[in-house]
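Coordinates in review
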Amino acid sequence: MATQEMKIRIDQKTNYAELVLDVGRVTLGEENRKKMKDCQLRKKQNENILQAMIALLNSGGGVIKAEVENENYSYPKDGIGLDLESSIGNILPSVCKYLDFMQQGKYFLIFVKSWSSETSGLRIVTLRSNLYKRDVTCTNIMDATATLEFLADKNKSKGRSYRLKLPPKQDVQEESNVEALADDFFNRTQLRYREKLRFTESTHVEMKAFSTEKLLQRIKESLPQYVSAFSNTDGGYLFIGLNGDEVIGFKRKGNDLNKLASEIEKSIKKLPVYHFCKEKKEINYSCKFLEVYDEGHLCGYVCALKIEPFCCVVFAKKPESWHVEDKHVQQFTTDEWISNMLPANPDFSGSEKTIFQQRISSPIPYSRSVSNLENEQLRHHFPGMPQGKRYVPEALCEELFSQHKGLAQLICKEMGSVGPGTVIFSRSWSLLLGLQENQNVICDALLIAQGHPLVLYTFFRVLNKELTGYSLQAAFTLKHELVKMGGYTGKVCVVPKTFYLSEDPSTLTEDNASSFHDISAQIFYPESYNLETTQTVGYLNEVLYKA
Ligand SMILES: [Zn+2]
């Protein structure tokens, strides 16, 4: 299958007030995935799901939608597939804290909670940093923790000061001795075939013996990792043509040395770098070809690369992390990624929060004990109001309920089965959220109740299906503000529910005040998206009304 067909798309027609990423057709179930003949396809499906998951984690959460490729799939019976599970598990510290899986007919949905940085200190999730380091003789990619530490160090020192190179001591053998011997070796012009080496691999020395045939290809594949690792770990030497403890070399045949040198240069020039320093120097390296002689005859070459310590950060390629921007799943640029990895500027996020809270906290002052309070006044005027809920702001409710008789009845009916909670009315939640107002909206009401998802009710004075877009947008924005600005870290969704209330007083009865296009009837959330405890409810109230 062409990769183009497997691109991740944003589902624009969804009834969920969520970012829904469509990853196309995916084979699911442990047995089915094991049986897949096309390994490339399996890998691609896996990567697409990871990419969509990371993009949603980094963009306030959402839903991944996959069309199940295999027939007769049943999630409870077949499961997901070990390859998918383990690659997801490699990224998330706790899968169930972030993900919920749900099959809906031929679709498989993965609900993704927004990433929260509280425990790890990481503000975004990354598939691969593509930053390498040397761990004695190994070249390893930096994991999230190593990356964070490395970047914080570099940021603090604004381009690290180099380690001082002291001459090796006489009677002790340490890393610097290896490096000094490697440097002597680097400066030689002629070597003997099968000559024994006086040094071995170390933090600053790596040896490779690539076959003559695949030399160019292997260099292109591995060079970015070694250059990144040496650059990020105080520099070092890469020798190609040394095998274990002796000189082997490679044949010139088909390997034009100039071409090799220019490919190496191209490859190094291409590496993404990031500077914290003022100087912003390029990667400094030298490349030499040492001649190898066998009984006086030139029989091959050793390619010797010396990578100088680098002031700041060198990537093997762009870091692999995504987010949703301009209605597309996009890979972060290296600069964006670095600024997201570094600790947030407290002033900036502070001002963002204030704007949100000013907007949102204007309608009613919040008091901690509200959920148990009853509206005495309101109950007096509208005796049918169900117990255990509080309607705020009271003056607005009274006004709305007297103006629109059907509204109070409708609310009574809706709240009949709902547990304790608060219903927050507003002339326009959209306006509170900084969105466009709509003249056809009578009012909105947000339900925060235990055992329920958040529900955003919108009451329209006209019958118009297009208005559902309005309530979807408001619900979507509310969820994102709660998560991104309000800092709510639990699983949360806002279910939009729309009602039509006729303006004609003679026809205002419970029966004709109807849900004309109930989008909430078509969407299902995992149970964990219901507000479970009174603490959660209290916290949400607090997020909404933080003073
Ligand atoms: Zn620098």
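Quick note: structure is the one above.
As a starting point, this report considers the structure included with it. Quick caveat, the model's predicted, so the values are computed rather than measured. (Residues numbered from 1 in each chain as written. Predicted model: local features only at pLDDT ≥ 70, side-chain atom pairs only at ≥ 80, totals over all residues. Heavy atoms only, no water.)

Here we look at the sheet that holds strand E3 (residues 62-68)
Taken together, five strands build an open sheet; the order of strands is E1-E2-E3-E5-E4 and the sheet is mixed. Looking at strand neighbours, the two that pair on one side only are strand E1 (9-10) and strand E4 (99-104), the edges of this open sheet. As paired elements, E1 and strand E2 (residues 20-26) share two bridges and run antiparallel to each other. When the bridges of E2 are listed, arginine 9 appears paired with aspartate 22. Of the strands in this sheet, E2, E3, E4 and strand E5 (107-112) touch helix H2 (residues 39-57), which is tilted by about 170 degrees from E2. (Pairing = 2+ DSSP bridges. Helix = DSSP H or I, 4+ residues; strand = E, 2+ residues; numbered from the N terminus. Contact = heavy atoms within 4.5 Å. Axes fitted to C-alpha atoms, helices over the stretch in contact; angles between N-to-C directions.)

Quick notes on the sheet that holds strand E23 (residues 494-500)
The strand order across the open sheet formed by five strands is E19-E20-E21-E22-E23, and the pairing between neighbours is mixed. Pairing within the sheet leaves two strands with one partner each, and these edge strands are strand E19 (389-392) and E23. Between one strand and the next, the sheet's axes are offset by a mean angle of 20 degrees, whatever the strand orientation. Two elements, strand E22 (residues 454-460) and E23, share seven bridges in a ladder whose sense is parallel. The partner of phenylalanine 460 across the bridge, within E23, is tyrosine 500. Against the sheet, helix H13 (residues 394-403) touches E19, strand E20 (421-426) and strand E21 (441-449), its axis set at about 70 degrees to E20.

With respect to the pattern of salt bridges
Taken as a whole, this structure holds 24 salt bridges when the rule is applied. Across the pair lysine 479 and glutamate 18 runs a salt bridge, and its minimum N-O distance is 2.8 Å. On the criterion of sequence distance, the pair formed by lysine 479 in helix H16 (residues 468-485) and glutamate 18 in the loop between E1 and E2 is long-range, its members being 461 residues apart. As a salt-bridge pair, glutamate 265 and lysine 269 come within 3.2 Å of each other at their nearest N and O atoms. One end of the pair, glutamate 265, and the other, lysine 269, are both in helix H9 (residues 257-269), four residues apart, so they sit about a helical turn from each other. We classify glutamate 265 as partly exposed; its relative accessible area is 36%. (Salt bridge = Lys/Arg side-chain N within 4 Å of Asp/Glu carboxyl O. Buried < 20%, exposed > 50% of the residue type's maximum accessible area, 1.4 Å probe, protein only.)

Quick word on the side chain of serine 114
Tracing the chain through its elements places serine 114 in the loop between E5 and strand E6 (132-135). Note on serine 114: relative accessible area 7%, which makes it buried. In this structure serine 114 touches Leu57, Gly60, Gly61, Tyr98 and Val483, once residues within four positions along its chain are discounted.

Here we look at the packing of H2 against helix H4 (residues 82-91)
When two helices pack together, their arrangement is given by the angle between the helix axes and the distance between those axes. The interhelical angle for the contact between H2 and H4, taken along N-to-C directions, is 35 degrees, at an axis separation of 10 Å. As for how H2 packs across H4, the hand of that crossing is right-handed. Here Arg42, Asn46, Ile49, Leu50, Met53 and Ile54 of H2 lie close against H4, whose contacting residues are Asp83, Leu84, Ser87, Ile88 and Ile91. (Left-handed = near helix turned anticlockwise from the far one by under 90°.)

Focus: the packing of helix H6 (residues 144-157) against helix H10 (residues 334-341)
In the contact formed by H6 and H10, the axes pass within 10 Å of each other and the chain directions differ by 90 degrees. With respect to H10, the axis of H6 lies roughly perpendicular. Here Thr147, Leu148 and Leu151 of H6 come into contact with H10, specifically with Trp337, Ile338 and Met341. Here the contact of H6 with H10 is built from residues that sort into five nonpolar, one polar and no charged. (Parallel < 35°, antiparallel > 145°, perpendicular 65-115°, else oblique. Nonpolar A, V, L, I, M, F, W, Y, C, P; charged D, E, K, R; others polar.)

Thoughts on H4
Considered for burial, the residues of H4 that qualify are Leu84, Ser87, Ile88 and Ile91. For H4, the angular spread of the buried residues around the axis is 100 degrees, confining them to a single face. In H4, the exposed positions angled more than 90 degrees off the buried face are occupied by Leu82 and Asn90. Buried residues along H4 sit against helix H1 (30-35), H2, helix H5 (95-98) and E4. (Arc of directions from axis to C-beta.)

Section: the coordination of the zinc ion
The protein atoms that coordinate the zinc ion are His275 (ND1), Cys277 (SG), Cys311 (SG) and Cys312 (SG), at distances spanning 2.1 to 2.4 Å. Its four donor atoms give the zinc ion angles of 101 to 114 degrees at the centre, a pattern that matches the tetrahedral case. Sequence spacing of the donors to the zinc ion: H-x1-C-x33-C-C. Classification of cysteine 311 by relative accessible area gives buried; the value is 10%. Cysteine 312 sits in the buried class, given a relative accessible area of 0%. (Donors = N, O, S within 2.8 Å, 3.2 Å for Na, K, Ca; no water. Tetrahedral: all angles 85-135°; square planar, octahedral: opposite > 155°, others 65-115°.)

Describing helix H14 (residues 405-415)
The buried count for H14 comes to eight of 11 residues, which makes it a mostly enclosed element. For H14, the set of buried residues is Gly406, Leu407, Ala408, Leu410, Ile411, Cys412, Glu414 and Met415. Where H14 is buried, its residues contact E19, H13, E20, E21, E22 and E23.

Comments concerning the environment of phenylalanine 459
With respect to the helices and strands, phenylalanine 459 occurs in strand E22. Residue classification places phenylalanine 459 among the buried residues on the basis of a relative accessible area of 1%. C-alpha separation for the pair phenylalanine 459 and asparagine 440, spaced 19 residues apart in sequence, amounts to 8.6 Å.

Comments concerning the state of the cysteines
In the structure shown here, the tally under the stated rule is zero disulfides. The cysteine cysteine 397 is free of any disulfide, with cysteine 443 supplying the nearest cysteine sulfur at 8.5 Å. With relative accessibility at 0%, the residue cysteine 397 sits in the buried group. (Disulfide = S-S within 2.5 Å.)

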